[in-house]
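Structural overview for review
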Amino acid sequence: MTGGTRLGAGRHLVPGRRPDATATSVHELATHDGATVRGVLASVPGARTVVCLMHPRQDLTHHPLVPLLLQAGVAVWTQHSRSVNNDLNLVHEQALLDVAAGLCFLRERGFDDVVTLGHSGGGTLYAFYHEQAGLPPERRIARTPGGRPVPLAAADMPVPDGAVFLAPHPGQGRLLLGCIDPSVADEDDPLSVVPELDPFSAANGFAEPPASSAYPAEFVERYRAAQRERVARIDARARARLAEAAEARAAWKRGGRAEDRRRSLAPRIITVHRTDADLRTVDLSLDPSERPYGSVFGRRPDLIDYGLVGFGRLSTPEAWLSTWSGLSTNADFARCAPGVTAPTLFVEVTGDQAAFPADARRMTEALGPTDLTSTRVRGLHFGGPLAEGEPTGNELAADEIASWLADRVELTPPH
C-alpha cells in the first residue's frame, strides 16, 4: 500500500449520493471449481483502489457504504457467493473459491490496491480468505468439516492489500453457538422445553420486555454449557447423515443399483428450532454496551425464538458443519484472524446486537497485522443510527474508512 492524500474524516461524503461520473458494470465469473458467481463493479474516473464487499449469503449490491466509498475516491466491487439469498447449502470453504474468482478479476483489471471490507458475516468470510490465501497452497484446507474435498491448494487466491472489518460477528457458527436455545427438549418438537434451561422463564431470571432480565451467574454458566451440548448433538446427527450418504454412494459404485443412487442423492435437511435466544439480547447487564433491548431480528426474542426467522434454521449436513456449527466450522473469526497480516481497520459499533464488546476484544486481539487500527462508532449492527436524529452507523463508519484509506492508498479526488 502507498500513502495518499488525507481527505479529512470523510467530510465530502454525502449519504446515498453516488458521484455523477460513476460507471457500473455487471460481471459473471467462473470459480476454480466451475461454479458461476456474479459481481458489480462501480467506479469513478481514475480510481486506482478497489474496495470489495461480500457476504457469504446476502446480496450487498445496494449496501449503504457503496455511494460513500465512491465519493471517497475508490472503486467498489460487490459480489455474490454461490449461496446468495439461499444458504441451505452454504459451505464456507467453497465460498472462498467465490472470493478468489472476484479478486482474480480485479487484479486482471489492473487496480493498484485491492481492499476487502467485511461487514457482519462478511468479516469472517474475508478473515477466512485472508488466512487461506496467505498460506502456501499445500497447507490450505483440503476438506470441509463434513469431509468433502475442496481444491483450495490448486486455486489462484490473490492476497488482498488491506482489510476493513465493520461490525464483524465472530462467525456464523460462533454466532449461532451464542444464540441457539438449549432448552429444546426434542429436536422434532419446536415447542418442547427443558424448564430449568428455559431462557424465557421468570424462574430462571427472565423479565417481561422491555425490562431487562437478570440471569444468575450459575444459570448463565449452565446455559452456555447446554448450548455447546445441543450443537454437539446436532453435529453428531449431521455426521451420521453424511455417513449414510457415503455408504449409499459406495453401494452405488459397487452394484450400480438405482435405489442406492437415489439414497445417495436424497436430501437430508437438518431443521434447527429456536435460534434467537442469546441471553445478552434480553439481559443488558451481560457484557454491557450501548445496544438496545432485543436481537438483530427484533424487540421480542422471547417470541421470535419460536417463529420461522432465525440463523441456521435449515441446512444440509455439510453446510451445518462448515458454516453453522460453532464446534466444527473453520470459519471462526478468532481462529482465522492471526492469518490476516495486511494493513487492517477494525470498526466496532457500540450498539451491536450480534457482536458484543467481549467478542470485539477477542477478535481484535487475535488479528495478525503490525498495521492495525481499531475504532468504535455509534450505531447498530446493520449500520442504523443508535438514536433518532443521529448519523447512521454506516455514515460514521464510512468517515473512518475514508480517512484510514487516505493514509494508505491512492484516492481519486471527489468530483
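Reading the values: the criteria
Residues numbered from 1 in each chain as written. Predicted model: local features only at pLDDT ≥ 70, side-chain atom pairs only at ≥ 80, totals over all residues. Heavy atoms only, no water. Helix = DSSP H or I, 4+ residues; strand = E, 2+ residues; numbered from the N terminus. Patch = residues over 30% accessible without salt bridge, like charges linked within 9 Å, V, L, I, M, F, W, Y side chains within 5 Å. Areas by Shrake-Rupley, 256 points an atom, 1.4 Å probe, with all protein chains shown as cover. Salt bridge = Lys/Arg side-chain N within 4 Å of Asp/Glu carboxyl O. Axes fitted to C-alpha atoms, helices over the stretch in contact; angles between N-to-C directions. Parallel < 35°, antiparallel > 145°, perpendicular 65-115°, else oblique. Left-handed = near helix turned anticlockwise from the far one by under 90°. Contact = heavy atoms within 4.5 Å. Nonpolar A, V, L, I, M, F, W, Y, C, P; charged D, E, K, R; others polar. Core = buried A, V, L, I, M, F, W, Y, C linked by side-chain atoms within 4.5 Å. Buried < 20%, exposed > 50% of the residue type's maximum accessible area, 1.4 Å probe, protein only. Expected span 1.5 Å × (residues − 1). Phe/Tyr/Trp six-rings, centres within 6.5 Å; stacked < 30°, edge-to-face > 60°. Polar contact = N/O pair within 3.5 Å; in protein donor to acceptor, adjacent residues only side chain to side chain. Lys, Arg positive; Asp, Glu negative; His and termini not counted.

On to unusual backbone geometry, then. Of note, the amide linkage connecting Pro-209 to Pro-210 takes the cis form, showing an omega dihedral of 10°. Relative to the assigned elements, Pro-210 resides in the loop between α4 (172-179) and α5 (217-255). Non-glycine residue Asn-85 carries a positive phi angle of around 60°.

Moving on: a nonpolar patch on the surface. Taken together, Leu-88, Ile-269 and Leu-314 make up a surface patch of nonpolar side chains, about 210 Å² in accessible area. Turning to its location among the elements, Leu-314 is positioned in strand β8 (residues 314-315).

A few words now on the packing of α5 against helix α6 (residues 258-265). Contact geometry of α5 with α6 gives a least axis separation of 8 Å together with a crossing angle of 155°. On the basis of their axis angle, the class for α5 and α6 is roughly antiparallel. Helix-helix and strand crossings are classified by hand; for α5 and α6 the assignment is left-handed. For the pair α5 and α6, contact is made by Ala-245, Glu-247, Ala-248, Arg-249, Ala-251 and Trp-252 and by Ala-258, Asp-260, Arg-261, Arg-263 and Ser-264, respectively. Here the contact of α5 with α6 is composed, by residue class, of five nonpolar, one polar and five charged.

Membership of the largest hydrophobic core comes to 76 residues, with the highest contact counts inside it found for Leu-69, Leu-106, Leu-117, Phe-165 and Leu-405. Per element, the largest residue contribution to this core is nine residues, and it comes from helix α2 (residues 92-108). Each residue touching Phe-165, except ones within four places of it in the same chain, is listed here: Gly-118, Gly-123, Tyr-126, Ala-127, Phe-333, Val-340, Thr-344, Leu-345, Phe-346, Val-347 and Leu-367. Grouped together as the second largest cluster of nonpolar side chains are 16 residues, Leu-175, Cys-179, Trp-320 and Leu-321 included.

An ideal rise of 1.5 Å per residue puts 57 Å on 39 residues; α5 measures up with 58 Å between its terminal C-alpha atoms. After α5 finishes, the residue Gly-256 shows a positive phi value of roughly 70°.

Quick look at α4 now. Among the eight residues that make up α4, seven are buried, leaving the element largely enclosed by the rest of the structure. Listed in full, the buried residues belonging to α4 are Gln-172, Gly-173, Leu-175, Leu-176, Leu-177, Gly-178 and Cys-179. Taken together, the buried residues of α4 touch α2, α3 (121-133), α5 and α8 (317-324).

The subject of this paragraph is the packing of aromatic side chains. This structure, assessed with the given rule, holds eight aromatic pairs. Relative to Phe-219, the ring of Tyr-215 has its centre 5.4 Å away and its plane inclined at 25°; by these criteria the two rings are stacked. Grouping residues by exposure puts Tyr-215 and Phe-219 together as buried. Seen in terms of ring centroids, Phe-311 and Trp-324 are 6.0 Å apart; in terms of plane orientation they differ by 35°. Their pairing is tilted.

The residue Asp-260 is located in helix α6 in this model. A polar contact of 3.0 Å, which involves the side chain of Asp-260, links it to the side chain of Arg-257. Contact partners of Asp-260, with chain neighbours within four places excluded, come to Ala-248, Ala-251 and Trp-252.

With that out of the way, let us pick up the side chain of Asp-235. Mapped onto the elements, Asp-235 comes out in helix α5. Arg-239 provides the closest opposite charge to the buried, unpaired Asp-235, separated from it by 4.9 Å. Side-chain polar atoms of Asp-235 contact the side chain of Ser-325, separated by 2.8 Å.

Any functional reading would require information that these geometric values do not contain.
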